[in-house]
Amino acid sequence: MQFQVRYPTLNPKLYYHQQPVPLHGAKAGHFNAALAEQLNWSAQDKNDWVTICSGQKTFSEFEPLAMVYAGHQFGQWAGQLGDGRGLLIAQIIDRYGKTIDLHLKGAGLTPYSRMGDGRAVLRSTIREYLAGHALNALGIAASNAVGFTSSDQGVQREKLERGAMLLRTSDCHIRLGHFEWINQYQPELLREFTQKCIEWHYPECLNEAKPILAFAKAVIERTALMISGWQLVGFAHGVMNTDNLNITGSTLDFGPYGFMERFRPNWINNHSDHHGRYTYQNQPSMGHWNLWTWLNNLVPLCPHDYDKEQWKNDLAACLEQFEPCFLAHYKTGLCEKMGLPIFHKDSFDCAMAFLRILQSEQLDYTQSFVRLQNQDYTALIDDCLDRRQFESFLSHYQQIREHQNTEALDQRMREVNPQYILRNHMAQKAIEMAEGNDFSEVERLFNLLSTPFSKQPELERPEDLAPLSSDVPEVMVSCSS
Ligand code: AMP
Ligand code: MG
């Protein structure tokens, strides 16, 4: 590994050096060999992956640390938070010259553990591992993981579960909440910290007349892009707090997330979110809310020779770009999923009519697009109670496509419509087997979700392709992890 020691060069008030505390009886869970390759892991490190992913081996080149940050959780100021159970154990340069953080989650207590035990359970570790992998394979910015380990150590949640550790990778672990902590508790560090964020993550902004405004604009655009990606594949993050979104327009901490099955815009997977703050359809506005909260922390950075009111207006103007940016990506992406030309004035309305059918007929989001792509209209109509509604959609749809280059549109449909998403019951089965020390289902899902746009008949199972029937109880997913 080629180390790049960045974060420890910041003011020590921003972190605490801490070694991982391994769990008893650590053992292999799953290893993402392709990612290790991309991260330029040596043959020795690959060989040692279990000891690295269980906190038994650390690196002399990088002293592990827990970061401090703050955040708004479910819309409320939560005060100081921080890595309560995770440690940054390395920053390394990957094959493409990009700096990547290695963060070991479940590594023991830190000064920021609050009431927690510093641990993560196997169940949530597998969910985070598969979610990061699935999103990356779908081309959506997200953390990923090189591997995870299980253990024989019990960790108490609602019931006693197996402890585990995840070696997470991300281009950044600086959360929107980092700015909130600094502004609240150490405001004198704000200017230098922001400067480092720009140098490390948005160097192109340094050439702009006002680098901080360019930085704000770029963070907003990248976040809008990520959320449009979620909406298009039907991903609901579940805990879009400001401490779970980072400044590179990526996200962390996949807990009670879900990939939507039957199309329900007000769907929420997190049974702890009683008010429905983070439903699927609320995600764009919650992203906007988080960015607005974050931007307030840039107000003190007004240049000395610049009008303060004007500076606030400039920051607000950056945020005004969020909605058009989100809509542009979403509309383009939706038209591509539909096989409709983006420039046609009726394409978006036609796509909306399709979504309304999915909603009223409670059809599976992912498979309905696959059927549309396969021109399997009979299968779609057979699942509709209101056949006339579908027929009227279909005639409009075919009319728009009539004089278009359908070959190119169909090709794009195949590139953007996943054949597979991670359904809750798929993850649940892998978890139950892993809890009995059988990781073969994790392996199967890992492989299936590696190339989600390709049909893989030899690997797929019927339950990968549809929601469970409505008489089977849903998998309950909460914040407990
Ligand atoms: P998360 O749900 O992983 O986004 O965590 C939210 C916050 O609670 C973060 O600051 C975590 O570090 C902290 N946290 C969650 N679970 C634990 C735990 N078991 N022990 C210590 N801190 C935790
Ligand atoms: Mg978090």
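In this text, all values refer to a predicted model and were calculated from it rather than measured experimentally.

1. Re the overall build of the chain
So, point 1. Of the regular secondary structure elements, the chain holds 17 helices and 13 strands.
So, point 2. In summary, the chain has a C-alpha radius of gyration of 23 Å against a globular reference of 23 Å for 481 residues, a match within 12%.
So, point 3. C-alpha atoms of the chain, sized along the principal axes, occupy 65 × 60 × 40 Å.
So, point 4. When each of the 481 residues of the chain is scored for burial, the buried share is 58%.
So, point 5. The contacts of the chain with a sequence gap of at least 6 include a subset with a gap of at least 24, amounting to 70%.
So, point 6. Only carbon and sulfur atoms are counted for the fraction: they give 50% of the accessible area of the chain, which is about 19700 Å².
So, point 7. Charge separation in the chain, taken as the distance between the mean sites of 43 positive and 56 negative side-chain charges, equals 2 Å.

2. Considerations on the site of ligand 1
So, point 1. If you check the shell around ligand 1, you find 16 residues, and the closest are Gly82, Gly84, Asp117, Gly118 and Asp253.
So, point 2. In the environment of ligand 1, an oxygen atom lies 3.1 Å from a nitrogen or oxygen atom belonging to the side chain of aspartate 253.
So, point 3. About the coverage of ligand 1: the protein hides 81% of its 480 Å² of free accessible area.
So, point 4. Of the residues in the shell around ligand 1, the class split is two nonpolar, six polar and eight charged.

3. Details of the coordination of the magnesium ion (ligand 2)
Metal coordination angles in their ideal form are 109.5 degrees for the four-donor tetrahedron and 90 or 180 degrees for the six-donor octahedron.
So, point 1. Bound to the magnesium ion (ligand 2) on the protein side are Asn244 (OD1) and Asp253 (OD), at distances that span 2.0 to 2.2 Å. There is no split in this pair, since asparagine 244 and aspartate 253 are both buried.

4. Concerning the environment of proline 452
So, point 1. With respect to the helices, strands and loops of the structure, proline 452 is situated in the segment after helix H17 (440-450).
So, point 2. A residue is classified by how much of its surface remains accessible, and proline 452, at 2% relative accessible area, is buried.
So, point 3. Between the C-alpha atom of proline 452 and that of glutamate 336, which follows or precedes it by 116 residues, the distance is 17 Å.
So, point 4. Apart from residues no more than four positions distant in its own chain, proline 452 is found in contact with Ala137, Leu138, Pro418, Gln419 and Tyr420.

5. Examining the packing of helix H4 (residues 122-137) against helix H16 (residues 424-435)
So, point 1. H16 packs onto H4 with a crossing angle of 135° between their chain directions and a minimal axis gap of 10 Å. The orientation of H4 with respect to H16, classified from their angle, is oblique. For the pair H4 and H16, the sense of crossing is right-handed. Residue-level inspection shows Leu122, Arg123, Ile126 and Arg127 of H4 in contact with H16, the latter providing Asn424, Ala430, Ile431, Ala434 and Glu435.

6. Structural notes on the packing of aromatic side chains
So, point 1. Applying the stated criterion across every chain yields a total of 29 aromatic pairs.
So, point 2. On the numbers, 5.8 Å between centres and 25° between planes, the contact of phenylalanine 235 with tyrosine 257 is stacked. Of the two residues, phenylalanine 235 is situated in strand E10 (residues 235-236) and tyrosine 257 in the loop between strand E12 (250-251) and strand E13 (258-259); the sequence distance between them amounts to 22 residues. Here phenylalanine 235 matches tyrosine 257 in class, with each residue buried.
So, point 3. Relative to phenylalanine 369, the ring of phenylalanine 354 has its centre 5.3 Å away and its plane inclined at 70°; by these criteria the two rings are edge-to-face. Of this pair, phenylalanine 354 sits in helix H11 (residues 347-361) while phenylalanine 369 is found in helix H12 (residues 365-373), placing the two residues 15 residues apart along the sequence.
So, point 4. Here phenylalanine 369 falls in the buried class, since its relative accessible area comes to 1%.

7. As for the environment of isoleucine 400
So, point 1. Turning to its location among the elements, isoleucine 400 is positioned in helix H14 (residues 387-401).
So, point 2. On a C-alpha basis, the gap between isoleucine 400 and cysteine 350 in space is 8.8 Å, while along the polypeptide they are 50 residues apart.
So, point 3. Leave out the neighbours within four places in its chain, and isoleucine 400 touches Leu340, Pro341, His344, Asp346, Ser347 and Cys350.

8. Side note on the nonpolar core
So, point 1. Counting 143 residues, the largest nonpolar core has Tyr7, Trp41 and Trp294 as the members making the most contacts within it.
So, point 2. Counting residues per element, this core draws most heavily on helix H7 (residues 211-233), which supplies 14 residues.
So, point 3. Looking at this core, you find at least three residues from each of domain 1 (2-176) and domain 2 (329-416).
So, point 4. In contact with tryptophan 41, other than residues within four places in its own chain, are Met1, Phe31, Ala36, Lys46, Trp49, Ile52, Ile92, Leu102, Val146 and Leu167.

9. So, the pattern of salt bridges
When charged atoms on two side chains of opposite charge get close, those side chains can pair.
So, point 1. All chains considered together, the criterion is met by 32 salt bridges.
So, point 2. Between lysine 455 and glutamate 460 there is a salt bridge, with its nearest N and O atoms 2.9 Å apart.
So, point 3. According to the relative accessible area criterion, lysine 455 is partly exposed, its value standing at 45%.
So, point 4. Salt bridges linked by common partners bring Asp83, Lys105, Glu128, Arg168, Arg175 and Asp253 together as one network.

10. Focus: the domain arrangement of the chain
So, point 1. Each assigned domain of the chain is listed here: domain 1 (2-176) and domain 2 (329-416).
So, point 2. Relative placement of domain 1 and domain 2: their C-alpha centres are 40 Å apart.

11. Let's talk about the pairing of strand E8 (residues 144-156)
So, point 1. Burial analysis of E8 places 10 of its 13 residues in the buried class, the great majority of the element.
So, point 2. The pairing of strand E2 (residues 27-31) with E8 spans four bridges and is classified as antiparallel. If you follow lysine 27 over to E8, its bridge partner there is serine 150.
So, point 3. With nine bridges connecting them, E8 and strand E9 (residues 160-170) associate as antiparallel partners. Bridge pairing in E9 places glutamine 156 opposite leucine 160.

12. A closer look at helix H15 (residues 406-416)
So, point 1. Of the positions making up H15, those classed as buried are Leu409, Asp410, Met413 and Val416. One side of H15 carries all its buried residues, which in axial view fall inside an arc of 130°.
So, point 2. Turning to H15, the residues buried within the fold contact helix H10 (322-338), H12 and H14.

13. Focus: unusual backbone geometry
In terms of backbone geometry, most residues other than glycine have negative phi values and most peptide bonds are trans.
So, point 1. Phi angles above zero are rare outside glycine, and phenylalanine 74 is one such case at about 50°.
So, point 2. Phi angles above zero are rare outside glycine, and arginine 114 is one such case at about 50°.
So, point 3. In this structure, arginine 114 sits in the loop between strand E6 (99-105) and strand E7 (120-121).
So, point 4. According to the relative accessible area criterion, arginine 114 is exposed, its value standing at 60%.

Scoring rules and cut-offs
Residues numbered from 1 in each chain as written. Chains lettered and ligands numbered in written order. Predicted model: local features only at pLDDT ≥ 70, side-chain atom pairs only at ≥ 80, totals over all residues. Heavy atoms only, no water. Helix = DSSP H or I, 4+ residues; strand = E, 2+ residues; numbered from the N terminus. Rg over C-alpha atoms; globule rule 2.2 N^0.38 Å. Buried < 20%, exposed > 50% of the residue type's maximum accessible area, 1.4 Å probe, protein only. Contact = heavy atoms within 4.5 Å. Areas by Shrake-Rupley, 256 points an atom, 1.4 Å probe, with all protein chains shown as cover. Lys, Arg positive; Asp, Glu negative; His and termini not counted. Charge placed at Lys NZ, Arg CZ, Asp CG, Glu CD. Near = heavy atom within 4 Å. Polar contact = N/O pair within 3.5 Å; in protein donor to acceptor, adjacent residues only side chain to side chain. Nonpolar A, V, L, I, M, F, W, Y, C, P; charged D, E, K, R; others polar. Donors = N, O, S within 2.8 Å, 3.2 Å for Na, K, Ca; no water. Axes fitted to C-alpha atoms, helices over the stretch in contact; angles between N-to-C directions. Parallel < 35°, antiparallel > 145°, perpendicular 65-115°, else oblique. Left-handed = near helix turned anticlockwise from the far one by under 90°. Phe/Tyr/Trp six-rings, centres within 6.5 Å; stacked < 30°, edge-to-face > 60°. Core = buried A, V, L, I, M, F, W, Y, C linked by side-chain atoms within 4.5 Å. Domains from an automatic or database assignment. Salt bridge = Lys/Arg side-chain N within 4 Å of Asp/Glu carboxyl O. Pairing = 2+ DSSP bridges. Arc of directions from axis to C-beta.

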